[in-house]
Amino acid sequence: MPQKVFEIVINPTTVIRVFQHSHLGRLVGFSVVLLILHEDEWIDVGRFDSAHGTPHRDVLGKTKGLREKVWYDEFTPRQVFALAIATFRKNHAQISHDFLAN
Amino acid sequence: MPKSAMTFWPIEETALAAEVSLPRPDATMEELEQWIISLGGRELSPEEARDLNAKVRWADIPGEPAPA
């Protein structure tokens, strides 16, 4: 099951890293992670993935850890995959702020 | 997420789609990869990915391994 990894650099301290597993043209697994450079360390402040058999978003907090899981039962993995990248690209500043505040 | 009538995307995601130009829900893997590239993305080599991922302090999410 081949895996590809992509990176979208938003700015020098913010990147989106995309892990996608495909098989015969089908997306069979993915993780989309928002990373920030905070206190000289890269940390993930938000994550969408297909673990547990259903695409979902892990809402994270610096202190609280996993704050919430948002399940996308009505979407295909491919839709959530694209939504994840778009959401992080558009809202990375707010997501990072919320992470650091929690 | 509010339930709403939709053909491809619900209302909130449609607004996001208009801003970020989401791909079609039935886009092929190749089209998705091209879309990522169009957003300024690039594919990492296995070595690059391994080196970069090793520098991340991954969140500890119960039941989920780190993506790398």
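Here, the structure is the one placed above.
Since this is a predicted model, take the numbers as computed values, not measurements.

### Observations concerning the overall build of chain A
Within chain A, the secondary structure is distributed over 1 helix and 6 strands. Going from the N terminus to the C terminus, chain A shows its helices and strands as β-β-β-β-β-β-α. Whereas a compact globule of 102 residues would reach a radius of gyration of roughly 13 Å, chain A reaches 13 Å, a difference of no more than 12%. Its C-alpha atoms put chain A at 40 × 25 × 20 Å along the principal axes. Residues classed as buried in chain A amount to 53% of the 102 residues present. Restricting to contacts in chain A with at least 6 residues of sequence separation, those with at least 24 account for 35%.

### A closer look at the environment of I8(A)
Along the chain, the position of I8(A) falls in strand β1 (residues 3-11). Excluding residues that lie within four positions of it along the chain, I8(A) makes contacts with T14(A), V15(A), I16(A), I85(A), I36(B), L39(B), G40(B) and G41(B).

### Let's talk about helix α2 (residues 29-38) of chain B
All names here are of chain B. Turning to α2, its buried residues are M29, L32, E33, W35 and I36. The buried residues of α2 occupy one face: seen down the axis, they fall within an arc of 155 degrees. Every exposed residue of α2 that faces more than 90 degrees away from the buried side is listed here: E30, Q34 and S38.

### Let's talk about the interface of chain A and chain B
Each side of the interface is counted separately: chain A has 43 residues, and chain B has 43 residues. Around 3,600 Å² of area is buried between chain A and chain B when both sides are counted, 65% of it from carbon and sulfur atoms. Contact with chain B buries surface across chain A, with F6(A), R47(A) and R78(A) losing the most and accounting together for 16% of the total. Along the contact surface separating chain A from chain B lie 3 salt bridges.

### As for the packing of helix α1 (residues 77-101) of chain A against α2(B)
The geometry of α1(A) relative to α2(B) is characterised by a closest axis approach of 12 Å and an angle of 0 degrees between their N-to-C directions. On the basis of their axis angle, the class for α1(A) and α2(B) is roughly parallel. In contact with R78(A), F81(A), A82(A), I85(A) and A86(A) of α1(A), α2(B) contributes M29(B), L32(B), W35(B) and I36(B). Tallied by class, the residues present in the contact of α1(A) with α2(B) amount to 8 nonpolar, no polar and 1 charged.

### Here's the deal with the packing of aromatic side chains
Residue and element names in this part refer to chain A. With the rule as written, the count across this model stands at 5 aromatic pairs over all chains. Between F48 and F88 the ring centres are 5.2 Å apart and the planes differ by 75 degrees, which places this aromatic pair in the edge-to-face class. One end of the pair, F48, is in strand β4 (residues 41-49); the other, F88, is in helix α1, with 40 residues separating them in the sequence. Taken individually, F48 and F88 each receive the classification buried, so the pair is uniform in this respect. An aromatic cluster is built from F48, Y72, F75 and F88, whose rings are joined through pairwise contacts.

Scoring rules and cut-offs
Residues numbered from 1 in each chain as written. Chains lettered and ligands numbered in written order. Predicted model: local features only at pLDDT ≥ 70, side-chain atom pairs only at ≥ 80, totals over all residues. Heavy atoms only, no water. Helix = DSSP H or I, 4+ residues; strand = E, 2+ residues; numbered from the N terminus. Rg over C-alpha atoms; globule rule 2.2 N^0.38 Å. Buried < 20%, exposed > 50% of the residue type's maximum accessible area, 1.4 Å probe, protein only. Contact = heavy atoms within 4.5 Å. Arc of directions from axis to C-beta. Buried area = accessible area lost by both parts, 1.4 Å probe. Salt bridge = Lys/Arg side-chain N within 4 Å of Asp/Glu carboxyl O. Axes fitted to C-alpha atoms, helices over the stretch in contact; angles between N-to-C directions. Parallel < 35°, antiparallel > 145°, perpendicular 65-115°, else oblique. Nonpolar A, V, L, I, M, F, W, Y, C, P; charged D, E, K, R; others polar. Phe/Tyr/Trp six-rings, centres within 6.5 Å; stacked < 30°, edge-to-face > 60°.

These values are about where atoms sit, not about what they do.
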